[in-house]
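# Inside the fold
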There are 2 protein chains.
Amino acid sequence: MNDEIVLFDYWRSSASYRVRIALESLGLPYRRISVDLLAGEQRAPEHRARNPQGLVPALMIDGQTLTQSLAIIEYLSETRPQARFLPADALGRQRVRTLSCAIAMEIHAVCNTGVINHVLEITGGGEEVRVGWMKKFIGDGLAAVEALLDNPATGTFCHGQAPTMADFCLVPQVYNAERWGVDIADLSRVRRIAETCRALPAFQAARPETVKPA
Amino acid sequence: MNDEIVLFDYWRSSASYRVRIALESLGLPYRRISVDLLAGEQRAPEHRARNPQGLVPALMIDGQTLTQSLAIIEYLSETRPQARFLPADALGRQRVRTLSCAIAMEIHAVCNTGVINHVLEITGGGEEVRVGWMKKFIGDGLAAVEALLDNPATGTFCHGQAPTMADFCLVPQVYNAERWGVDIADLSRVRRIAETCRALPAFQAARPETVKPA
């Protein structure tokens with residue numbers, strides 16, 4: 001078995017960013033291969049062979065090609081003893097998965113490139129429609145996450161005193177909020193936790209700006 | 001601790017349908033309380049107190065109120081010894097979670113009531129816009145699921161010979177495909193597996209038609 005780890009990703013994809021944070025947190029060496037979403041490379045047959053959904057990321061590891069960022073992070077957490085991406089107790093895991101899904105489903109999936117492109121097609125709109133869409137769903141979605149974080153189980157991070165999968169989802173979404181000019185000034189927990197995470201080396205190394213092609 | 005299990009759901013919500021299948025599979029008695037999505041009850045303060053996202057389902061169990069259907073199903077699978085909603089091996093769990101996310105994120109989240117209502121608002125469109133949106137995202141999404149099922153790990157069910165969380169996601173999505181007139185004639189694996197599941201008592205008991213208010 002070739003034990004090189006290869007991540008097919010795109011520098012600005014939130015789902016890729018989550019998996020990069022996980023890999024960096026584990027200190028696992030990996031090679032990145034860019035799939036250029038703007039050039040439509042995700043729809044090419046060679047990428048569909050890796051990921052039939054035509055999305056990034058895809059992770060080659062342990063002789064398999066894995067897709068879906070949350071399922072990848074759960075797999076890493078289960079198979080690498082040094083990973084603690086989910087809490088040790090069932091209720092804690094339920095909460096971390098709830099926060100992760102609240103971001104990955106209700107915000108990220110709705111703001112995905114394919115969805116937005118279809119919105120532009122049926123509205124005939126341009127950049128103002130794109131920005132309006134992002135502001136609405138990122139804004140409403142992160143406000144709901146802020147409400148979920150109003151909970152005694154929230155600590156330095158989304159859940160307790162160490163980063164979990166929920167933080168791996170939160171930071172890329174806050175990056176997107178800033179990118180699209182979403183007003184999150186009132187979301188004090190979201191902002192505080194994202195700031196704390198961003199100071200950590202694993203989060204730094206995974207940043208879009210760090211991995212952006214020259 | 002009050003040990004009654006209460007599910008706040010809506011008869012036609014896919015995410016609620018998934019959790020009903022899980023509860024019925026466990027043979028756990030539970031009381032349903034309807035949150036009428038058409039009347040906007042999900043946005044009322046008393047429901048936001050249960051689920052800050054303003055979505056269904058919410059499940060009261062073990063002295064907690066849990067949200068997010070996949071996180072609830074994982075919790076049930078971890079805490080009820082009779083549940084086998086995820087496979088015993090890490091790669092199998094990764095695959096079941098990938099299939100579940102491919103349905104719950106890329107199809108269901110994009111076709112949620114709140115998203116569709118916003119599409120109608122910005123397009124000024126009516127029923128034909130709604131139906132077109134459903135056909136596109138359910139059609140493309142289930143075609144990708146069909147491709148993911150073209151895999152030796154697919155068995156009688158999405159993964160192997162017993163129903164898993166992936167099947168709990170698939171059946172409600174096929175129900176939606178039929179509801180909106182999406183052509184899935186070519187998706188032979190999706191249709192075969194949904195048909196097999198629907199014959200099982202737990203899936204029958206969870207059907208929207210079974211629980212629809214009189």
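Refer to the preceding data block for the structure.
Residues numbered from 1 in each chain as written. Chains lettered and ligands numbered in written order. Predicted model: local features only at pLDDT ≥ 70, side-chain atom pairs only at ≥ 80, totals over all residues. Heavy atoms only, no water.

### Concerning the relation of the copies chain B and chain A
Rotating chain B by 180° and moving it 0.0 Å along the rotation axis overlays it on chain A with an RMSD of 0.0 Å. Both copies of the chain, as the preceding transformation shows, are related through a two-fold rotation axis. Interface overlap between copies: 100% of the residues of chain B at the interface are likewise at the interface in chain A, consistent with a symmetric, same-surface contact. (Least-squares fit on C-alpha atoms with pLDDT ≥ 70 in both. Contact = heavy atoms within 4.5 Å.)

### Brief notes about the sheet that holds strand β3 (residues 58–61) of chain A
Residues and elements named next belong to chain A. An order of β2-β1-β3-β4 is seen for the four strands of this open sheet, with the pairing classed as mixed. One side of each edge strand has no neighbouring strand; the edge strands of this open sheet are β2 (31–34) and β4 (64–67). Along the sheet, successive strands turn relative to each other by an average axial angle of 20°, direction set aside. Pairing of strand β1 (residues 6–9) with β2 involves four bridges; the strand directions are parallel. (Pairing = 2+ DSSP bridges. Helix = DSSP H or I, 4+ residues; strand = E, 2+ residues; numbered from the N terminus. Axes fitted to C-alpha atoms, helices over the stretch in contact; angles between N-to-C directions.)

### Focus: the nonpolar core
Core analysis: the largest hydrophobic core is formed by 152 residues, its most contacted members being Trp 133 of chain A together with Trp 133 of chain B. Setting aside its immediate chain neighbours within four residues, Trp 133 of chain A contacts Val 110, Cys 111, Val 115, Ile 116 and Val 119 of chain A together with Val 115, His 118, Val 119, Ile 122 and Trp 133 of chain B. (Core = buried A, V, L, I, M, F, W, Y, C linked by side-chain atoms within 4.5 Å. Buried < 20%, exposed > 50% of the residue type's maximum accessible area, 1.4 Å probe, protein only.)

### Description of the interface of chain B and chain A
Taken together, the contact pairs 40 residues of chain B with 40 residues of chain A. Buried area between chain B and chain A, both sides added, is near 3600 Å², and the carbon and sulfur share of it is 71%. On the chain B side of the interface with chain A, the three residues burying the most area are Leu 91, Gln 94 and Met 105 of chain B, jointly 16% of the side's total. Between Arg 93 of chain A and Glu 78 of chain B there is a salt bridge, and its shortest N-O distance comes to 2.9 Å. Linking chain B with chain A are 14 residue pairs in polar contact (both at pLDDT 80 or more), by the criterion used here. Elements that contribute at least two residues to the side of chain B that touches chain A include exactly β4 (64–67), α3 (69–79), α4 (90–108), α5 (113–123) and α6 (127–149) of chain B. Per-element tally for the side of chain B that touches chain A: the top contributor is α4 of chain B, with 11 residues. (Buried area = accessible area lost by both parts, 1.4 Å probe. Salt bridge = Lys/Arg side-chain N within 4 Å of Asp/Glu carboxyl O. Polar contact = N/O pair within 3.5 Å; in protein donor to acceptor, adjacent residues only side chain to side chain.)

### Regarding the packing of helix α3 (residues 69–79) of chain A against helix α7 (residues 165–179) of chain A
Helix packing for two helices is described by the angle between their axes and how far apart those axes are. Residue and element names in this part refer to chain A. Remark: α3 packs on α7, axes separated minimally by 10 Å, with the N-to-C direction vectors making an angle of 145°. The two elements α3 and α7 meet at a crossing, and its hand is right-handed. The residues of α7 that touch α3, namely those facing Leu 70, Ile 73 and Glu 74, are Met 165, Phe 168 and Cys 169. Residue composition of the contact of α3 with α7, grouped by class: five nonpolar, no polar and one charged. (Left-handed = near helix turned anticlockwise from the far one by under 90°. Nonpolar A, V, L, I, M, F, W, Y, C, P; charged D, E, K, R; others polar.)

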